Amino acid sequence: GAVVSQHPSWVICKSGTSVKIECRSLDFQATTMFWYRQFPKQSLMLMATSNEGSKATYEQGVEKDKFLINHASLTLSTLTVTSAHPEDSSFYICSARDSSTSQETQYFGPGTRLLVL
Amino acid sequence: GESVGLHLPTLSVQEGDNSIINCAYSNSASDYFIWYKQESGKGPQFIIDIRSNMDKRQGQRVTVLLNKTVKHLSLQIAATQPGDSAVYFCAEPRPPYGQNFVFGPGTRLSVLP
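All of the points below concern the structure found in this document. The residue numbers shown here count from 1 along each chain, following its written sequence. Naming scheme: in the order in which they are written, chains are lettered from A and ligands are numbered from 1. Totals for whole chains, interfaces and linings use all residues, but because this is a predicted model, local features are given only for residues with pLDDT of at least 70 and pairs of side-chain atoms are given and counted only at 80 or more. Values shown for side chains rest on all heavy atoms present in the structure; no hydrogens or waters enter the calculation.

### Here's the deal with the sheet that holds strand 5 (residues 56–58) of chain B
All names here are of chain B.
Here's step 1: Pairing between strands requires that DSSP locate at least two bridges from one strand to the other. Every helix listed is a DSSP run of H or I at least four residues long, and every strand listed is a run of E at least two residues long, numbered separately from the N terminus. In spatial order, the strands read 2-7-6-5; together these four strands make up an open sheet with antiparallel pairing. Both edges of this open sheet fall to strand 2 (19–24) and strand 5, since each of them pairs with a single strand only. Each strand of the sheet is rotated relative to its neighbour by a mean of 15 degrees, with strand direction disregarded.
Here's step 2: By the bridge criterion, six bridges tie strand 2 to strand 7 (residues 72–77) in an arrangement that is antiparallel. Bridge pairing in strand 7 links Ala24 to His72. Angles run from 0 to 180 degrees between N-to-C directions of axes, and those axes are lines fitted to C-alpha atoms, restricted for helices to the stretch in contact.

### Considering the nonpolar core
Here's step 1: Put simply, a nonpolar core is a bunch of buried Ala, Val, Leu, Ile, Met, Phe, Trp, Tyr and Cys residues held in one set by side-chain atoms that sit within 4.5 Å of each other. Only protein chains enter the accessibility calculation, which uses a 1.4 Å probe; a residue is then buried when its area is under 20% of its type maximum, exposed when over 50%, and partly exposed in between. Grouped together as the largest cluster of nonpolar side chains are 24 residues, with contacts concentrated most on Trp35(A), Phe67(A), Leu79(A), Tyr92(A) and Leu114(A).
Here's step 2: Elements supplying a minimum of two residues to this core: strand 2 (10–13), strand 3 (19–25), strand 4 (32–38), strand 5 (45–51), strand 7 (67–73), strand 8 (76–81), strand 9 (90–97) and strand 11 (112–116) of chain A.
Here's step 3: Residue contacts follow a heavy-atom distance rule, with two residues in contact if any of their heavy atoms lie within 4.5 Å. Those residues in contact with Phe67(A), other than ones at most four positions away along the chain, are Arg37(A), Met47(A), Tyr58(A), Val62(A), Leu79(A), Thr80(A), Val81(A), Asp88(A) and Tyr92(A).
Here's step 4: Ranked by size, the runner-up nonpolar core spans 19 residues in total, among them Val62(B), Leu73(B), Ala86(B) and Tyr88(B).

### Quick notes on the interface of chain A and chain B
Here's step 1: Taken together, the contact between chain A and chain B spans 25 residues of the former and 24 residues of the latter.
Here's step 2: The term buried area means the drop in 1.4 Å probe accessible area that two parts suffer when joined, counted for both and summed. Each partner contributes to the roughly 1900 Å² buried at the junction of chain A and chain B, and carbon and sulfur atoms together form 51% of this total.
Here's step 3: A per-residue breakdown of the area chain A buries against chain B is headed by Ser43(A), Glu104(A) and Phe108(A), which together make up 26% of the total.
Here's step 4: Counted as salt bridges are all cases of a side-chain nitrogen of Lys or Arg within 4 Å of a carboxyl oxygen of Asp or Glu. Linking chain A with chain B are one salt bridge.
Here's step 5: Identification of polar contacts relies on pairs of N or O atoms within 3.5 Å, with a donor-acceptor requirement for protein atoms, meaning one able to donate a hydrogen and the other able to accept it, and with residues adjacent in sequence counted only if both atoms are side-chain atoms. Across the contact surface, chain A and chain B share six residue pairs in polar contact (both at pLDDT 80 or more).

Laid out in structure tokens, this is it:
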């Protein structure tokens, strides 16, 4: 149980284009999902907290207009990197918490590697 | 504050030996801790967790020890196998509400044949 999927697993795009990444909880419902970014040999950096049916909460320094988050259902959150630039190239990982339990454990997706040319 | 890993500590162990990975946490009020394993190119995978009312918890081949006095957490892996090679992160709830977690810088475990 507690499987989280991401799509796509990797994407290469031209500078200036937008990229959408999906995060799905496959066997549980998640009112809260999290989006992280991870650069090589570094730890996970939280970008934003995605809340079902409401606006996402962004961490300091993360541009909400550049990283659009939509959490339209209890099993799906999307992150759209708008007007992507080479410095946005990174490994993007989502996680989700099971809403049916009081467990704080976050279950992570497999990640999406973004390369902006 | 946030932990940003600019230098990834590495632990090399011989296959079959026991591994001990250490983590220092920052918030003395943290009441829950998690260890994650991240293999190359993949998302973190939950290994084991522990609450602050415990000082030890055992799983399958893994044991987590918590020392609240010195704010130290360790993950012990028994009979380390090649498949254990990965980066291991500890995580603690982020103040003030603990809705999400602060991750440690990670330790890379390399298992030697």
